[in-house]
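What follows is each chain in one-letter form.
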Amino acid sequence: MKFENYMILEFPSKSSNEAFARAAVACFAAQLDPTVEELGDIRTAVSEAVTNCIVHAYPDTIGSITVRCRILKEQMLDIVVKDRGVGIADLEQAKKPMFTTGGAERSGMGITIMESFMTSFEITSEPGKGTTVHMRRKIQRRK
């Protein structure tokens, strides 16, 4: 699919980089003139995706996270968050609300939240090779 603009970020899976990724994607998305609500949804979804990489993909080490954003035709924001971590052993189970492998302090709602805030959502994973979250959000054109 042809794109109008893009950016690619790569950073270590340190918790301090979650806010950086969220802010960078929000700044990039701003060129589509989203509403405050749309921008909040995008920030939250990116935050959840990056936090999942930090907590689950690299539980005992620091690894690499890549975020790619593209502006597609018709006001569509395309976001991919990818890690090369441990992967998800049972993707169907991981998609269930309230399921977590991150301990009692985790809600298990990350995938559900990402999916609810995006126009389209897809997650793929291969144990031992990593996980890719692909999200798209249609930004309403303002009059």
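This write-up is about the structure you can find in this document. (Residues numbered from 1 in each chain as written. Predicted model: local features only at pLDDT ≥ 70, side-chain atom pairs only at ≥ 80, totals over all residues. Heavy atoms only, no water.)

### Some points on the packing of helix H1 (residues 16–29) against helix H2 (residues 36–57)
Helix-helix packing: each pair is described by the crossing angle between the helix axes and the interaxial distance. For the pair H1 and H2, interaxial distance at closest approach is 9 Å and the crossing angle is 145°. Handedness of the H1/H2 crossing: right-handed. On H2, the residues touching Glu18, Ala21, Arg22, Val25, Ala26 and Ala29 of H1 are Leu39, Ile42, Arg43, Val46, Ser47, Val50, Thr51 and Ile54. By residue class, the composition of the contact of H1 with H2 is nine nonpolar, two polar and three charged. (Axes fitted to C-alpha atoms, helices over the stretch in contact; angles between N-to-C directions. Helix = DSSP H or I, 4+ residues; strand = E, 2+ residues; numbered from the N terminus. Left-handed = near helix turned anticlockwise from the far one by under 90°. Contact = heavy atoms within 4.5 Å. Nonpolar A, V, L, I, M, F, W, Y, C, P; charged D, E, K, R; others polar.)

### Some thoughts on unusual backbone geometry
Not every positive phi belongs to a glycine, and Asp33 is a case in point at roughly 55°. Tracing the backbone shows Asp33 in the loop between H1 and H2. One non-glycine residue, Gln75, lies in positive phi territory at about 65°. With respect to the helices and strands, Gln75 occurs in the loop between strand E2 (64–72) and strand E3 (76–83).

### Re the sheet that holds strand E4 (residues 120–126)
Where strands meet in a sheet, backbone hydrogen bonds hold them as pairs that are either parallel or antiparallel. The sheet built from five strands is open, its strands ordered E1-E2-E3-E5-E4 with antiparallel pairing. The open sheet is flanked by strand E1 (3–12) and E4, the only strands paired with a single partner. Taking the axes of each pair of neighbouring strands and ignoring which way they run, one obtains an average angle of 10° across the sheet. Here eight bridges tie E2 to E3, and the two strands are oriented antiparallel to one another. Counterpart to Cys69 in the pairing with E3 is Ile79. The strands that H1 touches are E1, E2 and E3; relative to E1, the one it contacts most, it runs at about 170°. (Pairing = 2+ DSSP bridges.)

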